[in-house]
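Spelled out from the first residue to the last, the chains are:
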Amino acid sequence: MTLKSLLPTLALFATVSAATVASAAVYVDVTAAKLEISGTPAIGDIGAKLDDDLPSSAVTFAVGYEVTPRIAVELRYSDLGDIRINKVSPVWALFPPSGAVAQTLRYYRYKQSTQLYTIALPIKLIAHGPFSLSIAPLAHFDRSEITLTDLWVNVQTFAPQPPTIAYRDTRAKLHVGGELKLAYRFSDHVGVHASYSYSALETYDAHLIGAGLEVRF
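What you are looking at is a predicted structure, and each value in this text was computed from that prediction instead of being measured. (Residues numbered from 1 in each chain as written. Predicted model: local features only at pLDDT ≥ 70, side-chain atom pairs only at ≥ 80, totals over all residues. Heavy atoms only, no water.)

Student: Could you give me a rundown of the overall build of the protein, with the residues and numbers involved?
Tutor: Helix and strand counts for the protein stand at one helix and ten strands. Reading the protein from its N end, one meets helices and strands in the order α-β-β-β-β-β-β-β-β-β-β. Within the protein, buried positions represent 33% of all 217 residues. Here the analysis covers contacts within the protein between residues at least 6 apart in sequence; of these, 64% occur between residues at least 24 apart. (Helix = DSSP H or I, 4+ residues; strand = E, 2+ residues; numbered from the N terminus. Buried < 20%, exposed > 50% of the residue type's maximum accessible area, 1.4 Å probe, protein only. Contact = heavy atoms within 4.5 Å.)

Student: With reference to specific residues and values, describe the confidence of the model for the protein.
Tutor: Averaged over every residue, the pLDDT of the protein is 85; residues scoring 70 or more account for 80%. Scored below 50 in pLDDT, residues 1-23 shows two contacts in the model against residues more than four places distant or in partner chains. (pLDDT = per-residue confidence, 0-100.)

Student: Kindly report on the pattern of salt bridges, identifying the contributing residues and their values.
Tutor: One pass over the structure, following the stated rule, counts 14 salt bridges. When the shortest N-O distance is used, the salt bridge between Glu214 and Arg216 registers 2.9 Å. Judged by relative accessible area, which is 10%, Glu214 ranks as buried. The class of Arg216 is buried, set by a relative accessible area of 11%. One network of salt bridges, with partners in common, ties together Glu66, Arg185, Glu214 and Arg216. (Salt bridge = Lys/Arg side-chain N within 4 Å of Asp/Glu carboxyl O.)

Student: Kindly report on the nonpolar core, identifying the contributing residues and their values.
Tutor: Within the largest apolar cluster, 17 residues are counted, with the highest numbers of intra-cluster contacts made by Leu35, Leu80, Tyr110, Leu201 and Tyr204. Contributing elements (two or more residues each) for this core: strand E1 (26-38), strand E4 (72-95), strand E5 (100-120), strand E7 (131-150) and strand E10 (205-216). If sequence neighbours within four positions are ignored, Leu80 has contacts with Leu35, Pro55, Ala58, Thr114, Leu116, Leu201 and Tyr204. (Core = buried A, V, L, I, M, F, W, Y, C linked by side-chain atoms within 4.5 Å.)

Student: Outline the environment of Leu213, listing residues and values.
Tutor: With respect to the element layout, Leu213 can be found in strand E10. Between the C-alpha atom of Leu213 and that of Ala194, which follows or precedes it by 19 residues, the distance is 9.3 Å. What Leu213 contacts, discounting residues up to four positions off in sequence, is Val28, Asp29, Val30, Val190, Gly191, Val192 and His193.

Student: Can you break down the environment of Ile126 residue by residue, with the values?
Tutor: In this structure, Ile126 sits in strand E6 (residues 123-128). Ile126 gets classed as partly exposed once you look at its relative accessible area, which sits at 48%. Separated by 56 residues in the primary sequence, Ile126 and Leu182 have C-alpha atoms spaced 9.5 Å apart. Once residues within four sequence positions are removed from consideration, Ile126 is found in contact with Arg70, Phe131, Ser132 and Leu133.

Student: Tell me about the side chain of Ser132, residues and numbers included.
Tutor: Tracing the backbone shows Ser132 in strand E7. Residues contacting Ser132, with those up to four places away along its chain left out, are Lys124, Ile126, Ala127, Lys181, Leu182 and Ala183.

Student: Go over the side chain of Thr149 with me, naming the residues and quoting the values.
Tutor: With respect to the secondary-structure elements, Thr149 resides in strand E7. Every residue in contact with Thr149, bar those within four places of it in the chain, is listed here: Tyr107, Tyr108, Arg109, Pro163, Thr164, Ile165 and Ala166.

Student: How would you sum up a nonpolar patch on the surface? Please name residues and give values.
Tutor: Among the surface-exposed residues, Val26, Val28, Val63, Tyr65, Val67, Ile71, Val73, Leu75, Ile119, Leu121 and Phe217 lie close enough to one another that they form a single nonpolar patch of about 920 Å² accessible area. Elements with a minimum of two residues in the nonpolar patch: E1, strand E3 (57-66) and E4. (Patch = residues over 30% accessible without salt bridge, like charges linked within 9 Å, V, L, I, M, F, W, Y side chains within 5 Å. Areas by Shrake-Rupley, 256 points an atom, 1.4 Å probe, with all protein chains shown as cover.)

Now the structure itself:
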């Protein structure tokens, strides 16, 4: 076989290899994580927590592109679930017809639903065989829907009254975080990972300990 006859075969091999490398640079990732919330979520309200129902898990979907073997860019979406907290705060009440003013208690429920739209920049610190260790700065667009519902009690008869919404707002702001990830690749196209991330969000700090699956195309 001459060099001239080999050229078409080599050209085909180079084309297929280039296409494989280019396609493998794009990947999708799904991560399920345990969610821990630091502090009591609040928007400036001074109520003390009576009890709460906090989300304990979160799911993140990501689409990424490997710019170099060491650096990638990802777009992520995370649903952090719903927070419900029953609170109580002191208020001053007017008692007709005497006109007496006295301190009483206001019972209300704090509810928050949060979604994160994130840009991540994973950077590999160590790559050894199928294993790798990376860090990633995170920039979050934090969108939270917040509702305060009064759980009224008649201060004269102490009979419960129908709940009424006292405050409702949607807050959307930019926040930052960081992530540490240990990954293992089964092949050029499939890998798994374990990760920890910390993010300072609008009303609380979020800690996520997760495991995920990555597929490259």
